[in-house]
Every structure is written in C-alpha cells, then in structure tokens.
Amino acid sequence: MARIDFYILPDTTLEARLQFACKLAETIHRKGYRLHLHCEDKALAEQADEALWQFREDAYLPHALEDSDMAASVPITLGWQQLPVPTQETALLNLHPDIPDGVERYSRIAEIINQHQQVLVAKRACWQRYKEMGHEVVPHKLGNG
C-alpha cells in the first residue's frame, strides 16, 4: 500500500497550491525521486509548468509536459492524461480533484489541499477513498508563512 501525504494549506488560491507544489517538487527531486505532477487538464499543467520555471531564480527543476519530446529525459513530468507507469522511484503529486486510475502503482503520493471550497470537498472524498483502499494517509497541516 502507498503512503499518501496530504499537505493542508491555510490559503485559498490556486497560486498558493502551485507555489507549494514547486517547493514539494524541489524537495522530492533533491531526494533523488522522479516525480509526476498529475493535473486536471492541460491548462493547469501549463500553469504548473510556468510556476516551476519561475519558482526560484537560483535553481532549475528539470521538467517537461507529458506531450513534450523531452518528457522521457527529465525527472519531473506534468500530465493530465493517463498516469505514466512509474520507473525507478517515482512519486506522484496529484493536483487533479479525483484519484486517477493507476495510482496503485505508486508507493508515494502527495495531495495538496487549500481552503477553497471545491478543493476541500474533492480532497475530502479522495481522503476517504484512499483510506477505503487501505493506504496510509498522513496529514500535514501547514501554518501561515
């Protein structure tokens, strides 16, 4: 069974979710994992892509959209279609409101919750479904700042 880390932000904005996704991507990359950011649609994947480019002036996180020629050669991919089959140690950061098919192939999964009502409702349902599937669900309530 997978470990699912739910990061609970005090903010309500998509920007705050994407900014935290960048911080998490940097941490995961530093630990030597591959990472797939699963988005609801191509528009959100493109927003996350832009956030990764602008995340830090002094660092670069090698990443690509799943439909890019570079996707197979970078450690961080952003997608909105089917989950890729994980190779090596691959973590999943799920920015989609639902749990994607194929999630059981990943041993580490992260979910980011903010205080936007739609996100709260969707992620509460995910939390329950993960528990029903037998996964270990670990909350991380983050404060301001």
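See the structure above.
Residues numbered from 1 in each chain as written. Predicted model: local features only at pLDDT ≥ 70, side-chain atom pairs only at ≥ 80, totals over all residues. Heavy atoms only, no water.

**Quick look at the overall build of the chain**
Scanning the chain from terminus to terminus reveals 3 helices and 7 strands. Ordered by position in the sequence, the α and β elements of the chain form the string β-α-β-α-β-β-β-β-α-β. Whereas a compact globule of 145 residues would reach a radius of gyration of roughly 15 Å, the chain reaches 14 Å, a difference of no more than 12%. Expressed along its principal axes, the backbone C-alpha trace of the chain runs to roughly 35 × 35 × 25 Å. Relative to its full complement of 145 residues, the chain shows a buried share of 48%. Relative to all contacts within the chain whose residues are 6 or more apart in sequence, the contacts with residues 24 or more apart total 67%. By element, 49% of the accessible surface of the chain is carried by carbon and sulfur atoms, the whole surface being about 8000 Å². (Helix = DSSP H or I, 4+ residues; strand = E, 2+ residues; numbered from the N terminus. Rg over C-alpha atoms; globule rule 2.2 N^0.38 Å. Buried < 20%, exposed > 50% of the residue type's maximum accessible area, 1.4 Å probe, protein only. Contact = heavy atoms within 4.5 Å. Areas by Shrake-Rupley, 256 points an atom, 1.4 Å probe, with all protein chains shown as cover.)

**Here we look at the layout of surface pockets**
By volume, the largest pocket is sized at about 300 Å³. Leu14, Arg17, Glu40, Gln118 and Val119 are, among the 15 residues lining the largest pocket, the residues nearest its centre. Mapped onto the lining of the largest pocket, the elements with two or more residues apiece are α1 (14–30) and α3 (117–132). The dominant element in the lining of the largest pocket, judged by the number of residues it contributes, is α3, at 4 residues. Residues belonging to the lining of the largest pocket are distributed by class as follows: 6 nonpolar, 6 polar and 3 charged. (1 Å grid on protein atoms, 1.4 Å probe; cavity = no way out; pocket = protein on both sides within 12 Å on 5 of 7 lines; lining within 4 Å. Points joined across faces, edges and corners; volume = space filled by probe spheres on them. Nonpolar A, V, L, I, M, F, W, Y, C, P; charged D, E, K, R; others polar.)

**Digging into the pattern of salt bridges**
Considering all chains together, one arrives at 7 salt bridges under this definition. A salt bridge links Arg3 to Asp5, with the shortest nitrogen-to-oxygen separation between them at 2.8 Å. The closest approach of N and O atoms between Arg108 and Asp5, which form a salt bridge, is 2.9 Å. Separated by 103 residues along the polypeptide, Arg108 in strand β6 (residues 108–113) and Asp5 in strand β1 (residues 3–8) bring together distant segments of the chain. Taking the relative accessible area as the measure of exposure, Asp5 reaches 3% and is therefore buried. (Salt bridge = Lys/Arg side-chain N within 4 Å of Asp/Glu carboxyl O.)

**Quick notes on the side chain of His38**
Positionally, His38 belongs in strand β2 (residues 34–38). Ignoring any residue separated from it by four or fewer positions in sequence, one finds His38 in contact with Gly79, Trp80, Gln81, Leu83, Leu92, Leu93, Asn94, Leu95, His96 and Pro100.

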